[in-house]
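# Descriptive analysis of the structure
Chain by chain, the residues:
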Amino acid sequence: MSVEKIIFQIIAAIFTTFGFGLMFNIKHKNLFHTSIAGGLSWAVYLLGQHLNYSEGLTFFIATFALALYSEAVSRIIYTPVTTILIAALIPLAPGGGIYYTMYNLIDKNYPMAVQKGIQTFIIAGAMAVGIFSASTVFRLYDEIKFRINKNI
Amino acid sequence: MDKKTEYKILSLACLTGKIMLQNGSEVYRVENHICQVAEYYGMTPQCFATLTCIIITLKNSEGEVISLVERVTSRTTNLDKVYQVYSLIRNISNYSCDELREELLKIENEKPYPFLINVAGNCIGAGFFTFLFSGNIREFLAAFLCGILIAIATRITDTLKLGTFFTNLLCGGISSGTACLFLYLGFITDVSIPIISTLMILVPGVAFINSMRDIFSGDLVTGLSRLGEVAMIGTSIAVGSGIALKLLLNLGRI
């Protein structure tokens, strides 16, 4: 993919996230940060594709980067993590997987439908693991910070 | 502390939880905030919340127990209210009991974005998705128009209280129906990209993330029921768009 196309896609991801932010009634600085997070997650996703990672791994690193960013920002600007995470995760959501599973089912192409269905589940699982890992990293950080403060 | 104050604190904690639960917060955060409010005013709280119900029990210094069950029937997504309640509870020491109640009521009665901005959000979301799937400008316009239709359809089904399953079934149908119409008119050459982009508006992102965060923080009951919601919405989208696609593709012989 050419550089212009990559930049264009990242900008499109930022706008997409912005649109979903409006749908979820996110306002002011939260809206700004969630848009940036959407662009970031798509950039990492494209990087994963460029490096020829498997689908599950690509979605894992994209979600992991996104969730790390969201957790960090939410601690800086004091907001619940979900206000930033939810809209920004939508570009990665496996809507295409749902569609192709359904399309192959009505086409009576059952092996392909099963394959697409399993792929969708793998993507969803990879995203869950990404969110989980990032929140564990930050829970660890909070715990260590708490213990250090207690000793002093 | 007299009985009246205790009841006041109980209803205050309940109101806090109710606003958060109705506007799409995670359940563990709801429970935490309820306990924080009650603890701040000197009670010993126990709280259990699920997606549809909040149960709070308070114990005062003499060991007397009062409790409250609150059903939560309707849920929407308004993350700004979640954010506002969160900031309010973070600065709870600046407010007295009555002031906090007033602030919470103010948040509860706040209006969401006007309908037009909501429509714009739908259009931008669906439209720009086509570029993420390497679509062209014609597909962008098709998805953009689908966004308007879906926003209107969601609005109508919400007013008629038709429920999540039917709403998503209908919206899935609309998304493939519109795409097939555009194909029939010769405006686009492939239905896949506009349909996927429009389906993305309906994908249950809030439910998915909240279910994951709830499961990993130990709220298994809520997490699994939310996961059920995700599966239900996903299925209804697929079924709705599948039915419409099958009907129209066979009808038009395209």
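Residues numbered from 1 in each chain as written. Chains lettered and ligands numbered in written order. Predicted model: local features only at pLDDT ≥ 70, side-chain atom pairs only at ≥ 80, totals over all residues.

On to the overall build of chain B. Secondary structure assignment for chain B yields 10 helices and 3 strands. Reading the secondary structure of chain B in the N-to-C direction produces α-α-β-β-β-α-α-α-α-α-α-α-α. With respect to the principal axes defined by its C-alpha atoms, chain B has extents near 75 × 30 × 30 Å. The 254 residues of chain B split such that 48% are buried. Contacts spanning at least 24 positions in sequence make up 65% of the contacts within chain B whose residues lie at least 6 apart. (Helix = DSSP H or I, 4+ residues; strand = E, 2+ residues; numbered from the N terminus. Buried ≥ 20, exposed ≤ 12 C-beta atoms within 10 Å, placed from the backbone. Contact = placed C-beta atoms within 7 Å.)

Our focus in this paragraph is the interface of chain A and chain B. Chain A puts 40 residues into the contact, and the matching count from chain B is 43 residues. Listing elements by their share of the side of chain A that touches chain B, those giving two or more residues are helix H1 (3-23), helix H2 (28-50), helix H4 (81-89), helix H5 (95-106) and helix H6 (110-151) of chain A. Of the residues contributing to the side of chain A that touches chain B, the split by class is 27 nonpolar, 12 polar and 1 charged. (Nonpolar A, V, L, I, M, F, W, Y, C, P; charged D, E, K, R; others polar.)

This next bit is on the confidence of the model for chain A. Summary statistics for chain A give a mean pLDDT of 87 and a share of 100% for residues scoring 70 or more. Looking at the elements of chain A, mean pLDDT is at its lowest for H5(A), recorded as 82, and at its highest for helix H3 (residues 55-76) of chain A, recorded as 90. (pLDDT = per-residue confidence, 0-100.)

With that settled, consider the domain arrangement of chain B. Residue and element names in this part refer to chain B. Taken as a whole, chain B is organised into domain 1 (3-108) and domain 2 (115-252). Taken residue by residue, the interface counts 7 residues in domain 1 and 10 residues in domain 2. Its residues assigned to classes, the side of domain 1 that touches domain 2 comprises 3 nonpolar, 3 polar and 1 charged. (Domains from an automatic or database assignment.)

Our next topic: the pairing of strand S1 (residues 44-49) of chain B. All names here are of chain B. In this structure, S1 lies alongside strand S2 (residues 53-59), joined through 6 bridges in antiparallel fashion. The partner of alanine 49 across the bridge, within S2, is isoleucine 54. Between the antiparallel neighbours S1 and S2 lie 3 residues. (Pairing = 2+ DSSP bridges.)

Under the 1.5 Å per step criterion, the end-to-end length of H3(A) is 32 Å for 22 residues, consistent within 8% with the ideal 32 Å. Looking one or two residues beyond H3(A), the residue adopting positive phi is Tyr78(A), at roughly 55°. (Expected span 1.5 Å × (residues − 1).)

Turning our eyes to something else, we now look at H6(A). Across its 42 residues, H6(A) extends 61 Å between first and last C-alpha, which sits within 8% of the 62 Å expected from 1.5 Å per residue. Taken together, the buried positions of H6(A) are Lys116(A), Thr120(A), Ile123(A), Ala126(A), Met127(A), Ala128(A), Gly130(A), Ile131(A), Ala134(A) and Ser135(A). Of the surrounding elements, those touching the buried residues of H6(A) are H3 and H5 of chain A together with helix H9 (205-216) of chain B.

Once that is clear, we can look at unusual backbone geometry. Residue and element names in this part refer to chain A. Its identity as a non-glycine residue notwithstanding, histidine 28 has a phi of 50°, on the positive side. Mapping histidine 28 onto the fold places it in helix H2. Exposure remark for histidine 28: the 9 C-beta atoms within 10 Å place this residue in the exposed category. Its identity is not glycine, yet asparagine 52 carries a phi of approximately 60°, on the positive side.

Residues and elements named next belong to chain B. If you trace the 3 strands from one edge of the open sheet to the other, you get S1-S2-S3, paired in antiparallel fashion. Every other strand in the sheet has two partners, leaving S1 and strand S3 (65-71) as the edge strands with one partner each. Between one strand axis and the next, the sheet turns through 10° on average, direction left out of account. Across the sheet, helix H2 (residues 27-40) lies against S1 and S2, angled at about 160° from S1, the strand it touches most. (Axes fitted to C-alpha atoms, helices over the stretch in contact; angles between N-to-C directions.)

The next thing to look at is the packing of H2(A) against H3(A). In helix packing, the relevant descriptors are the interaxial angle and the interaxial distance, both defined with respect to the helix axes. Residues and elements named next belong to chain A. Two elements in contact, H2 and H3, have axes separated by 8 Å at closest approach and are oriented at 155°. Looking at the two axes, H2 sits roughly antiparallel to H3. As H2 packs across H3, the resulting crossing turns out to be right-handed. On H3, the residues that touch His33, Ala37, Leu40, Ser41, Val44, Tyr45, Gly48 and Gln49 of H2 are Leu57, Thr58, Ile61, Ala62, Ala65, Leu66, Tyr69, Ser70 and Val73. Class assignment of the residues belonging to the contact of H2 with H3 gives a composition of 11 nonpolar, 6 polar and no charged. (Parallel < 35°, antiparallel > 145°, perpendicular 65-115°, else oblique. Left-handed = near helix turned anticlockwise from the far one by under 90°.)

This paragraph deals with the nonpolar core. Counting residues in each nonpolar core, the largest one holds 117 residues, and the members touching the most others are Leu66(A), Leu89(A), Leu199(B) and Met200(B). Residue contributions to this core peak at 9 residues, all from H3(A). Residues contacting Leu199(B), with those up to four places away along its chain left out, are Gly95(A), Ile98(A), Tyr99(A), Gly172(B), Ser175(B), Ile237(B) and Ser241(B). (Core = buried A, V, L, I, M, F, W, Y, C linked by C-beta atoms within 7 Å.)

As a further point, take the confidence of the model for chain B. This prediction gives chain B a mean pLDDT of 84; 98% of its residues lie at or above 70. Scored as a whole, the predicted complex attains pTM 0.85, and scored at its interfaces, ipTM 0.83.

A few words on the packing of helix H5 (residues 115-132) of chain B against helix H6 (residues 137-160) of chain B. Residues and elements named next belong to chain B. Two elements in contact, H5 and H6, have axes separated by 7 Å at closest approach and are oriented at 145°. The two elements H5 and H6 meet at a crossing, and its hand is right-handed. In this structure, H5 contributes Phe115, Asn118, Val119, Asn122, Cys123, Gly125, Ala126, Gly127, Phe129, Thr130 and Phe131 to the contact, and H6 contributes Glu139, Phe140, Ala143, Phe144, Cys146, Gly147, Ile148, Ile150, Ala151 and Arg155. Looking at the contact of H5 with H6, its residues break down into 13 nonpolar, 6 polar and 2 charged.

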